[in-house]
Amino acid sequence: MRFFAYVLLAAAAVAGCGETAAPTLPPDVGRDAGIDLDGGIDAGDGSVDDGGILDGGPDGGHPDGGPDGGSSWCNTSTLCPACPDMDALCDEDTPCATGEVCLLTGCDDFSRCFVTGGGGCQDNDDCGNPAYECNLSIARCLRREPGCDDSNDCVAGFACEGNTCMDRRVPCETGSDCPHGFACRVLADDQRFCRRVTRPCDANIDCQTLGVVCGDVEGDGPMECMAPFDPNQPDRVSCENSQCLSPVSPVCELTEEGTQAVCGKFGLCISAADCAGGFECRDLWGDGRRECVLLGGSCADSSECPPREVCASPRIGGSPSCVSGATM
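Residues numbered from 1 in each chain as written. Predicted model: local features only at pLDDT ≥ 70, side-chain atom pairs only at ≥ 80, totals over all residues. Heavy atoms only, no water.

In terms of nonpolar packing, the biggest core is built from 17 residues, with Cys207, Val212, Cys225, Met226, Cys239 and Cys252 touching the most fellow members. Among the nonpolar cores identified, the runner-up in size contains 11 residues, and Ala159, Cys194, Val310 and Ala312 belong to it. (Core = buried A, V, L, I, M, F, W, Y, C linked by side-chain atoms within 4.5 Å. Buried < 20%, exposed > 50% of the residue type's maximum accessible area, 1.4 Å probe, protein only.)

Glancing now at the state of the cysteines. This structure, assessed with the given rule, holds 18 disulfides. Between the sulfur atoms of cysteine 74 and its disulfide partner cysteine 83 the distance amounts to 2.1 Å. Taking the sign of the torsion about the S-S bond as the criterion, the disulfide between cysteine 74 and cysteine 83, at about -115 degrees, is left-handed. Among the residues examined, cysteine 74 registers a relative accessible area of 9% and is labelled buried. Between the sulfur of cysteine 80 and that of cysteine 107 lies a disulfide, 2.0 Å long from S to S. For the disulfide bridge between cysteine 80 and cysteine 107, the dihedral angle about the S-S bond is near -100 degrees, and by the sign convention the bridge is left-handed. With cysteine 80 in the loop between α1 (2-15) and β1 (89-90) and cysteine 107 in the loop between β2 (100-104) and β3 (111-115), this pair connects stretches of sequence that are 27 residues apart. Cysteine 80 sits in the buried class, given a relative accessible area of 0%. (Disulfide = S-S within 2.5 Å. Helix = DSSP H or I, 4+ residues; strand = E, 2+ residues; numbered from the N terminus.)

Here we take up empty space enclosed by the protein. Applying the stated criterion across every chain yields a total of 2 cavities of 30 Å³ or more. When its volume is computed, the largest cavity comes out at roughly 150 Å³. Considering the residues around the largest cavity, the lining is formed by 15 residues, among which Gly181, Phe266, Gly267, Leu268 and Glu291 are closest to the centre. Counting only elements with at least two residues in the lining of the largest cavity, the list comes to β12 (251-254) and β16 (290-294). A per-element tally of the lining of the largest cavity places β12 first, with 3 residues. When grouped by side-chain class, the residues that make up the lining of the largest cavity number 7 nonpolar, 5 polar and 3 charged. Space inside the second largest cavity adds up to approximately 30 Å³. Contributing to the lining of the second largest cavity are Phe182, Arg196, Leu284, Trp285, Glu291, Cys311 and Ala312. Grouping the constituent residues of the lining of the second largest cavity by class yields 5 nonpolar, no polar and 2 charged. (1 Å grid on protein atoms, 1.4 Å probe; cavity = no way out; pocket = protein on both sides within 12 Å on 5 of 7 lines; lining within 4 Å. Points joined across faces, edges and corners; volume = space filled by probe spheres on them. Nonpolar A, V, L, I, M, F, W, Y, C, P; charged D, E, K, R; others polar.)

Here is the structure:
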């Protein structure tokens, strides 16, 4: 069984960049290729967003009160708290529509279609990245070839490692299951995993589904999503490291729920000089954004971790290690 589970994970990792996993669909399942299953695309980084924070709160328990919602037709899991829409399921005989990719959900061996690609467009100039072209039939930028240049080319929860989108969906039930810099989020009802918050952005709308705002945390020019000090203020402004004056707590640190920042020890940095004593400044995600972490650790970056784990600073403390989140 362990070998079979690993095979499924590996298939999902490859599928994140455009190939198709092959589950067995339940009988009498149909598919409407015109359904928008994922709630649109986050234009901030090109990666796909399936939704955002549900009314249940940022940690996003399923609204029906349990992992299976009380009326499951499949075996749910921490990663897949509700059975996917039957009309969204896919396999080799039921392929996805243009601009979508077939990925394992975490509910049994079922896959569904996830939106992939870049933002909306009217012509190729709107796509910006020469690796993309404007597909006029769906008015959206799509990658010309399989693979990826960075994690912005991958479906949400996947990371670009060695030109392949790898599955980094860390299952969670609450924010305490996620490492520093991540928040537990529910996407499209049937996906719940730790989302990295400090991702690239151009405006607040790019960070809306994370429940935070866009700002220049380290003061180095590039913008990223980050929480404000007070999430209840009408005009929220991103926390900036320049506001953290104590040498013990010198950087903007996300709280467990991921929608508020405090001055702490775990946060974005330019160099080790920005961090507290005993910390170093490292890029664990491979996108050029470095963060303060304790010296040492058992991993250099997430490419050294198994699928559905990330190299990060555990919420309970300690140097970077492969974090697996809640038990599936």
